[in-house]
Amino acid sequence: MSKRSSKKAIKAPKRTDPAPWLRKALAQRTKGELIDILVEIASEDRAVLRRLAAQFELQTPLKELLATTHQAIADATAFDERDINHNFSYDDEAYREVQRNLHRLIELGQLRPAMELSLELMAKGSYQVEMSDEGLMTDDIEPCFRLVLKALRKCDLPAAEVIAWCAEMLKSDRVKYLCDQELRTLRQQFETSRLP
């Protein structure tokens, strides 16, 4: 009867910090080469693009800003339906991008698109909160809404438009607590302003 020889598991060597050798290798490249590779990587990986946009405060054209915000909302609110009623992971960096982009839209005087994007975020975000165990993403969603609410408090949009938006936001909230008090207060403010 032959005996099996026991083989010891070979441990993979521990990885070292790549910064020193990577920095040295990159320092030998031209600025143009580095820009080209960064653009290529960012074009293929939205997380890298988000990080670059946040780090360098990139000023994107309005059309691109709207498109990236729609995509960030989709990324932020995505979850695997097999994880319903669990504390599933979600893309909090995408929520930060939504917040940055809404802020940028408001700065550009594009309040109506910010309102429309907020409605989209309310529908998808409140569904994500509803499907999670503890709704941990609430702390990432509400600051996005608060930016728009703050801008609306001092806007010159028609009162009826703001009132209708508040009503639609409240109606779209599947969990019935995302910035609900702030939305009701804003609606009352504009309803009062319409009184003779």
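My aim in this report is to walk through the structure given alongside it, one point at a time. Predicted model, so just to flag it, every value in this text is computed and none were measured.

Conventions adopted
- Residues numbered from 1 in each chain as written.
- Predicted model: local features only at pLDDT ≥ 70, side-chain atom pairs only at ≥ 80, totals over all residues.
- Heavy atoms only, no water.
- Helix = DSSP H or I, 4+ residues; strand = E, 2+ residues; numbered from the N terminus.
- Buried < 20%, exposed > 50% of the residue type's maximum accessible area, 1.4 Å probe, protein only.
- Polar contact = N/O pair within 3.5 Å; in protein donor to acceptor, adjacent residues only side chain to side chain.
- Contact = heavy atoms within 4.5 Å.
- Phe/Tyr/Trp six-rings, centres within 6.5 Å; stacked < 30°, edge-to-face > 60°.
- 1 Å grid on protein atoms, 1.4 Å probe; cavity = no way out; pocket = protein on both sides within 12 Å on 5 of 7 lines; lining within 4 Å.
- Points joined across faces, edges and corners; volume = space filled by probe spheres on them.
- Nonpolar A, V, L, I, M, F, W, Y, C, P; charged D, E, K, R; others polar.

Description of the side chain of Glu 120
As for its placement among the helices and strands, Glu 120 is situated in helix H6 (residues 111-131). With relative accessibility at 18%, the residue Glu 120 sits in the buried group. For Glu 120, the side chain forms a polar contact with the side chain of His 70, separated by 2.5 Å. When neighbours within four sequence positions are excluded, Glu 120 is seen to be in contact with His 70 and Ile 73.

Topic: the packing of aromatic side chains
Tallying each qualifying case throughout the model produces three aromatic pairs. For the ring pair Phe 79 and Tyr 127, a centre distance of 5.7 Å and an interplane angle of 45 degrees mean the geometry is tilted. Placement of the pair is Phe 79 in the loop between helix H4 (62-77) and helix H5 (92-107) and Tyr 127 in helix H6, with a sequence separation of 48 residues. By relative accessible area, Tyr 127 is classed as partly exposed at 25%. Consider the rings of Tyr 90 and Tyr 95, whose centres lie 5.8 Å apart with planes at 75 degrees: the pair is edge-to-face.

Describing the environment of Glu 191
Structurally, Glu 191 can be placed in helix H9 (residues 180-193). On the basis of relative accessibility, which here comes to 35%, the residue Glu 191 falls in the partly exposed class. Considered as a pair, Glu 191 and Ile 163 are 28 residues apart in the sequence and their alpha carbons are 7.1 Å apart.

A closer look at the layout of surface pockets
Taken as a whole, the largest pocket encloses approximately 430 Å³ of empty space. Considering the residues around the largest pocket, the lining is formed by 17 residues, among which Ala 53, Glu 57, Leu 58, Gln 59 and Asn 101 are closest to the centre. Listing elements by their share of the lining of the largest pocket, those giving two or more residues are helix H3 (46-56), H4 and H5. Among the elements that line the lining of the largest pocket, the one with the most residues is H5, at six residues. For the lining of the largest pocket, the per-class residue count stands at six nonpolar, five polar and six charged.

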